[in-house]
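Structural overview
Each chain is listed here by its residues.
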Number of protein chains: 2
Amino acid sequence: METLKVDLGERSYPIFIGEGLLGNSELLVPYIAGQQVMIVTNETVAPLYLEQLKTGLEGFQVDEVILPDGEEFKNASSLDLIYTELLKKRHNRKTTLIALGGGVVGDMCGYAAASYQRGVDFIQVPTTLLSQVDSSVGGKTGINHPLGKNMVGAFHQPNVVIADTSTLRTLPERELSAGIAEVIKYGLIRDPEFLSWIESNIENLLKCDSEALTKAIFESCRNKAEIVAEDELESGCRALLNLGHTFGHAIEAHQGYGKWLHGEAVGTGMVMAAHMSRELGWLSSDEYTQVCSLVEKAKLPARSPDNMTPDDFVEYMSLDKKNLDHRIRLVLLKKLGEAVITSDYPQDVFMNTLSSC
Amino acid sequence: METLKVDLGERSYPIFIGEGLLGNSELLVPYIAGQQVMIVTNETVAPLYLEQLKTGLEGFQVDEVILPDGEEFKNASSLDLIYTELLKKRHNRKTTLIALGGGVVGDMCGYAAASYQRGVDFIQVPTTLLSQVDSSVGGKTGINHPLGKNMVGAFHQPNVVIADTSTLRTLPERELSAGIAEVIKYGLIRDPEFLSWIESNIENLLKCDSEALTKAIFESCRNKAEIVAEDELESGCRALLNLGHTFGHAIEAHQGYGKWLHGEAVGTGMVMAAHMSRELGWLSSDEYTQVCSLVEKAKLPARSPDNMTPDDFVEYMSLDKKNLDHRIRLVLLKKLGEAVITSDYPQDVFMNTLSSC
């Protein structure tokens, strides 16, 4: 097991990463303040891991909410199912919510914890690679609104994150690849050494090799934790984490949430960002090809959807919450392993990327 | 004009109190960071004060949401109307929400500000006495859930509060009295001198005398600000502010939100707390009568609803979020001007008060 400490002063917390951690009460119980626990999970994950998690919670009042599975359910109705269960089972202010599942479950459970009785404790037990490397670190919680993704939410830090690599064996291949997209992202934005490691170990990751996964999760979380510690409330460098995301969110929104996996859209988005970086003279053609090739090796889509026009991109990208002031800010690559945030680029280069990728 | 500074470190803010402050751009503009403003108000207040407020906001993109009036609309649907308008008008992270109205508008607008894009700025312009003395100080925001009042929310501090006493002239008498209930509360829990002042000035308050109102609002806010500065997240002494509220919430919930005004229920609740304090030997009979008499002079109900049994009280009081651990905590009076929080009292004394009051 590896342990990473996310350093946020009073709200610091550890991330435990390794095999067979689920149901280990020693990792869980010290982080539960009261007597009540509400596990929030979904219909796919519950049959696989709910009982195992509960074995680590003997002696507590343990209740559960099992939500439908999918990004399309990351909304106010699902959130209300959590509040209703908390109230029906009379959970008080000292309750602890536990998110067991992927990013959608984590975001909703975290937001329920941020807002129930104006804030209670929560613990993340992410069961997808995407949520292990990304959404369980950083304290972002929230739900989608019909008019925009993640438009409603709060910053709320978990007490502890338990990333059990064993849970990844039951993950569909597409979702494993979607998680690898975010792993690649950390290499691309700030860690060229890690990027090389990923290129050498992509096969092991796809095979769910536990050692490779633990390393990938640890390094991804470390990179993210360093950024978050610097910029908890996302006023500065944290935006680097959005490499591929502004393009990607447009794809997800245009296709309808849930059709493309988030990580798949990020995969294509990173190729688009690399393409534009090449057009701006920052990346060589070889480096651009290197990005495309890594995305393809990770079994991620490297091209945007056929039914999506450049105008569609512009429309959805300007709806993105980071662009509500009508200027589209992009994260681009100065070189491999170094990203920049910019809204200062020639419009024709941008449009050219939209039509080429 | 009086100015009170609420001292919360980085989140400190001023409260301006006096006549004719609405529409004074000098009190408003320095507290708006971006170019966009969303005014949240309701159908009753909008025709009276919306245009006046907007005169102080020239040069900004000013949008508005006009909600239906009433506690029964303090729910997820109204909240969604705010989010929808913010998104339709493309409000970005630098937007400022302005709550123009009573406590319901303030709580909802504040919660929308706490959660829109994970938190944006907001300003309180309370137009009822209740909200001027109470809900605009302390950072509590939220909505009701069908299973419980204020069960969903956040702590979110305003940038500034503007309490214009002129707006109280259009307030229905019942609502003025409801506000005075909270004013009396501050005297009862920690300020015997202020309590005497209220007893001497109750007629002036009921007549909407501006000088008396300014003093009452200032002293109430000062008392509340002192408590909140000590205990921002309500882990300790802040619970003293709930004098009369645990009884009162039960009345409100049993009667159906909106039938009894919040302050009316608090008025009766304070009489019940005083009754129980007398039974425990803490208040003399004269002091108990003094409380009843002040509540009555303020034209507040001093008796609980006829259709409400002691069992109804117990049921609704144990649903209150402060009692979800099955023990009913009460705020009682050690003497006039000194309250205590306790869940250690003989059950029969409690039941006796429920059946007597």
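Residues numbered from 1 in each chain as written. Chains lettered and ligands numbered in written order. Predicted model: local features only at pLDDT ≥ 70, side-chain atom pairs only at ≥ 80, totals over all residues. Heavy atoms only, no water.

Rules: UniProt positions are given in the numbering used here, feature names are shortened, and annotations may be inferred rather than shown by experiment.
If you check an unreviewed UniProt entry, chain A appears there as 3-dehydroquinate synthase from Litoribrevibacter albus. Regarding chain A, the UniProt comment filed under Catalytic activity (unreviewed entry) reads as follows: "7-phospho-2-dehydro-3-deoxy-D-arabino-heptonate = 3-dehydroquinate + phosphate".

**Regarding the overall build of chain A**
The cut-off we apply is this: To qualify as a helix, a DSSP run of H or I must reach at least 4 residues; to qualify as a strand, a run of E must reach at least 2; elements of each kind are numbered from the N terminus. Computation of the radius of gyration draws on C-alpha atoms, with the globule rule given as 2.2 Å multiplied by the number of residues to the power 0.38. Three exposure classes are used, based on accessible area relative to the maximum for each residue type with a 1.4 Å probe and protein chains only: buried under 20%, partly exposed in between, and exposed over 50%. In what follows, a contact means two residues having at least one pair of non-hydrogen atoms within 4.5 Å.
In terms of regular secondary structure, chain A is built from 13 helices and 11 strands. Taking 357 residues into account, the globule formula puts the C-alpha radius of gyration at 21 Å, and chain A, at 20 Å, falls close to it. Principal-axis analysis of the C-alpha atoms places the extent of chain A at approximately 60 × 40 × 35 Å. Out of the 357 residues belonging to chain A, those deemed buried represent 63%. In chain A, 75% of the contacts between residues at least 6 apart in sequence involve partners at least 24 apart.

**Let's talk about the side chain of serine 131 of chain A**
Along the chain, serine 131 of chain A turns up in helix H5 (residues 129-135). Residues contacting serine 131 of chain A, with those up to four places away along its chain left out, are Gly101, Gly102, Gly103, Pro126 and Ser136 of chain A.

**Structural notes on the relation of the copies chain B and chain A**
The condition is simple: Least-squares superposition aligns the copies on the C-alpha atoms of those residues with pLDDT at or above 70 in both.
Rotating chain B by 180° and translating it 0.0 Å along the rotation axis places it on chain A, where the RMSD comes to 0.0 Å. What we have between these two chains is a two-fold relation. Interface overlap between copies: 100% of the residues of chain B at the interface are likewise at the interface in chain A, consistent with a symmetric, same-surface contact.

**Brief notes about the domain arrangement of chain A**
It is common to give the size of an interface as the accessible area lost on bringing the parts into contact. Residue and element names in this part refer to chain A. Using the following cut-off: The domain boundaries here were taken from an automatic or database domain assignment. Salt bridges are defined by distance alone: a side-chain nitrogen of Lys or Arg within 4 Å of a carboxyl oxygen of Asp or Glu. By the criterion applied in these results, polar contacts are pairs of N or O atoms within 3.5 Å in which, for protein atoms, one can donate a hydrogen and the other can accept it, and in which residues neighboring in sequence qualify only through two side-chain atoms. Here the term charged refers only to Asp, Glu, Lys and Arg, the term nonpolar to Ala, Val, Leu, Ile, Met, Phe, Trp, Tyr, Cys and Pro, and the term polar to all other amino acids, Gly among them.
Structurally, chain A comprises domain 1 (2-170) and domain 2 (179-356). Centre-to-centre separation of domain 1 and domain 2, based on C-alpha positions: 26 Å. If you look at the interface, domain 1 gives 31 residues, while domain 2 gives 33 residues. Applying the counting criterion to the domain 1 and domain 2 interface returns 3 salt bridges. For lysine 224, the salt bridge identified is with aspartate 134, shortest N-O distance 3.4 Å. Where domain 1 touches domain 2, the interface holds 6 residue pairs in polar contact (both at pLDDT 80 or more). Contributing elements (two or more residues each) for the side of domain 1 that touches domain 2: strand E1 (2-6), strand E2 (13-18), H5, strand E7 (140-145) and strand E8 (148-155). Along the lines of polarity and charge, the residues of the side of domain 1 that touches domain 2 split into 12 nonpolar, 9 polar and 10 charged.

**Some thoughts on the packing of aromatic side chains**
What counts is decided by this rule: Working definition: rings of Phe, Tyr and Trp (its six-membered ring) pair if their centres are within 6.5 Å, and the pair is stacked with planes under 30 degrees apart, edge-to-face with planes over 60 apart, and tilted otherwise. Ring-over charges, as used throughout, are those where CZ of Arg or NZ of Lys falls within 6 Å of the ring centre and within 35 degrees of the ring normal.
Applying the stated rule across the entire model yields 8 aromatic pairs over all chains. For the pair phenylalanine 247 of chain A and phenylalanine 350 of chain A, a centre-to-centre distance of 6.4 Å together with 40° between the ring planes defines the contact as tilted. Placement of the pair is phenylalanine 247 of chain A in helix H9 (residues 245-255) and phenylalanine 350 of chain A in helix H13 (residues 347-356), with a sequence separation of 103 residues. Using a relative accessible area of 0% as the deciding quantity, one classes phenylalanine 350 of chain A as buried. Relative to phenylalanine 350 of chain B, the ring of tyrosine 345 of chain B lies with its centre 5.6 Å away and its plane at 50°, an arrangement referred to as tilted. Each member of the pair, tyrosine 345 of chain B as well as phenylalanine 350 of chain B, is classed as buried. An aromatic cluster of three or more residues is present, and its members are Phe247, Tyr345 and Phe350 of chain A. We note lysine 185 of chain A situated over the ring of tyrosine 186 of chain A; from NZ or CZ to the ring centre the distance is 4.8 Å.

**Here's the deal with the UniProt feature "binding site: Zn(2+)" (unreviewed entry) in chain A**
Residue and element names in this part refer to chain A. The positions that UniProt labels "binding site: Zn(2+)" (unreviewed entry) are, in the present scheme, Glu182, His245 and His262. Spanning 81 residues, the named residues form one tight spatial group whose C-alpha atoms are at most 10.0 Å apart. Tracing the chain through its elements places histidine 245 in helix H9. When residues no more than four places from it in sequence are discounted, the contact partners of histidine 245 are Glu182, Lys185, His262 and Val266. A distance of 2.9 Å separates a polar side-chain atom of histidine 245 from the backbone oxygen of leucine 243.

**Some details on unusual backbone geometry**
Residues and elements named next belong to chain A. The phi torsion at arginine 118 lies on the positive side, around 65°, for a residue other than glycine. Take arginine 118: its relative accessible area is 9%, and that puts it in the buried class. In this model, cysteine 208 sits at a positive phi of 65°, which is unusual for a non-glycine residue. Within the secondary structure layout, cysteine 208 lies in the loop between helix H7 (192-206) and helix H8 (210-230). For cysteine 208, a relative accessible area of 13% gives the class buried.

**Let's talk about the interface of chain B and chain A**
Quick note on the threshold: Buried area adds together the accessible area that both of two parts lose upon being put together, with accessible area traced by a 1.4 Å probe.
Listed per partner, the contact involves 33 residues of chain B and 33 residues of chain A. In this assembly, chain B packs against chain A so that about 3100 Å² is buried in total across both faces, 55% of it on carbon and sulfur atoms. Across the contact surface, chain B and chain A share 0 salt bridges. At the junction of chain B with chain A, the criterion picks out 11 residue pairs in polar contact (both at pLDDT 80 or more). Mapped by element, the contributors of at least two residues to the side of chain B that touches chain A are helix H3 (76-88), helix H4 (103-115), strand E7 (140-145), strand E8 (148-155) and helix H12 (310-319) of chain B.

**Quick look at the side chain of asparagine 42 of chain A**
Residues and elements named next belong to chain A. Position of asparagine 42 relative to the elements: it lies in strand E3 (residues 36-42). A distance of 2.9 Å separates the side chain of asparagine 42 from the backbone nitrogen of threonine 44, its partner in a polar contact. If we ignore the near neighbours within four places in the chain, the residues touching asparagine 42 are Pro47, Ile66, Leu67, Pro68, Asp69, Leu100 and Val105.

**Quick notes on helix H2 (residues 46-55) of chain B**
All names here are of chain B. Where we set the bar: The arc refers to the directions leading from the helix axis to the C-beta atoms.
If you check which residues of H2 are buried, you get Ala46, Tyr49, Leu50 and Leu53. Looking straight down H2, one finds that the buried residues subtend no more than 115° of arc, so they occupy a single side. Across from the buried face of H2, at angles greater than 90 degrees, the exposed residues are Pro47, Glu51 and Thr55. Contact partners of the buried residues in H2: helix H1 (25-28), strand E3 (36-42), strand E4 (61-67), strand E5 (96-101) and strand E6 (121-126).

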